[in-house]
Amino acid sequence: MALEHPAEKGDQGRLGRFEKLAELASNFTSSPAFSLFCVLLVAGFVAVHLAHLDVSWQHLLGDAMGAVALLLLALLKNSERRAEHAIQVKLDAIAAALLEQHQGERGPAHRDLAKAIGIEDGA
């Protein structure tokens, strides 16, 4: 298990299976359907508590909410790290292109800048 930055794993410019899954999960968790699921989960917990049902139901729903919260935390951190890396790559490319332009040349930094602008495309 390597402790690398999530955006630096795998082939550069290509999304791996985990990155694709993380992107799909990120899109799903920001959808109205997932928000509705969370509201129903919390409402179910409150209803079970108010109905004085067996404690095992409260534990089940409480554990489900805890698991969802933990998964969302991990997903949020992964998404944050990938976005941070994409921004840093773009800033580095802009700085290098500006330096080349200041020196009166147009070289590889301008190509890198064009490549960095489309980094989220996953191409």
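Residues numbered from 1 in each chain as written. Predicted model: local features only at pLDDT ≥ 70, side-chain atom pairs only at ≥ 80, totals over all residues. Heavy atoms only, no water.

Chemist: Got a sec to walk through unusual backbone geometry? Specific residues and values, please.
Modeler: Of note in the backbone geometry, His52 takes a positive phi value of approximately 55 degrees without being a glycine. Tracing the chain through its elements places His52 in the loop between helix H2 (32–50) and helix H3 (55–102). (Helix = DSSP H or I, 4+ residues; strand = E, 2+ residues; numbered from the N terminus.)

Chemist: Give a description of the packing of aromatic side chains that names residues and reports values.
Modeler: The full count for this structure, using the stated rule, is two aromatic pairs. Taken together, a centroid distance of 5.5 Å and an interplanar angle of 70 degrees make the contact between Phe28 and Phe34 edge-to-face. Considering the side-chain rings of Phe34 and Phe37, the 6.0 Å spacing of their centres and the 35 degrees angle between planes classify their relative orientation as tilted. Of this pair, Phe34 and Phe37 both sit in helix H2, separated by three residues, roughly a single helical turn. With a relative accessible area of 9%, Phe34 lands in the buried category. Here the aromatic residues Phe28, Phe34 and Phe37 are joined through ring pairs into a cluster of three or more. (Phe/Tyr/Trp six-rings, centres within 6.5 Å; stacked < 30°, edge-to-face > 60°. Buried < 20%, exposed > 50% of the residue type's maximum accessible area, 1.4 Å probe, protein only.)

Chemist: Explain a nonpolar patch on the surface residue by residue, including any values.
Modeler: Together, Ile87, Leu91, Ile94 and Leu98 make up a nonpolar patch on the protein surface, roughly 370 Å² of accessible area in all. Locating Ile87 in the fold gives a position in helix H3. (Patch = residues over 30% accessible without salt bridge, like charges linked within 9 Å, V, L, I, M, F, W, Y side chains within 5 Å. Areas by Shrake-Rupley, 256 points an atom, 1.4 Å probe, with all protein chains shown as cover. Salt bridge = Lys/Arg side-chain N within 4 Å of Asp/Glu carboxyl O.)

Chemist: Break down the pattern of salt bridges for me, with residues and values.
Modeler: Tallied over the full model, the rule gives two salt bridges. Ionic pairing is found between Arg82 and Glu23, a salt bridge with its closest N-O pair at 3.2 Å. Remark: Glu23 occurs in helix H1 (residues 17–29) and Arg82 occurs in helix H3; sequence separation between them is 59 residues. A relative accessible area of 34% places Glu23 in the partly exposed class. Across the pair Lys77 and Glu80 runs a salt bridge whose closest N-O atoms are separated by 3.6 Å. Linking Lys77 with Glu80, this pair stays in helix H3, spanning three residues, or about one helical turn. The class of Lys77 is partly exposed, set by a relative accessible area of 43%. A relative accessible area of 41% means that Glu80 is categorised as partly exposed.

Chemist: Tell me about the environment of Ala64, and please be specific about residues and values.
Modeler: With respect to the secondary-structure elements, Ala64 resides in helix H3. For the pair Ala64 and Val42, spaced 22 residues apart in the sequence, the C-alpha separation amounts to 9.8 Å.

Chemist: Can you break down the confidence of the model for the chain residue by residue, with the values?
Modeler: Mean pLDDT over the chain: 79, with 79% of residues reaching 70 or higher. Ranking the elements of the chain by mean pLDDT puts helix H4 (residues 108–117) last with 71 and H2 first with 91. (pLDDT = per-residue confidence, 0-100.)

Chemist: Any details on the environment of Ser79? Residues and values, ideally.
Modeler: For Ser79, the location among the structural elements is in helix H3. We classify Ser79 as partly exposed; its relative accessible area is 26%. Put simply, Ser79 and Ser26 are 53 residues apart on the chain and 7.6 Å apart in space, counted from C-alpha to C-alpha.

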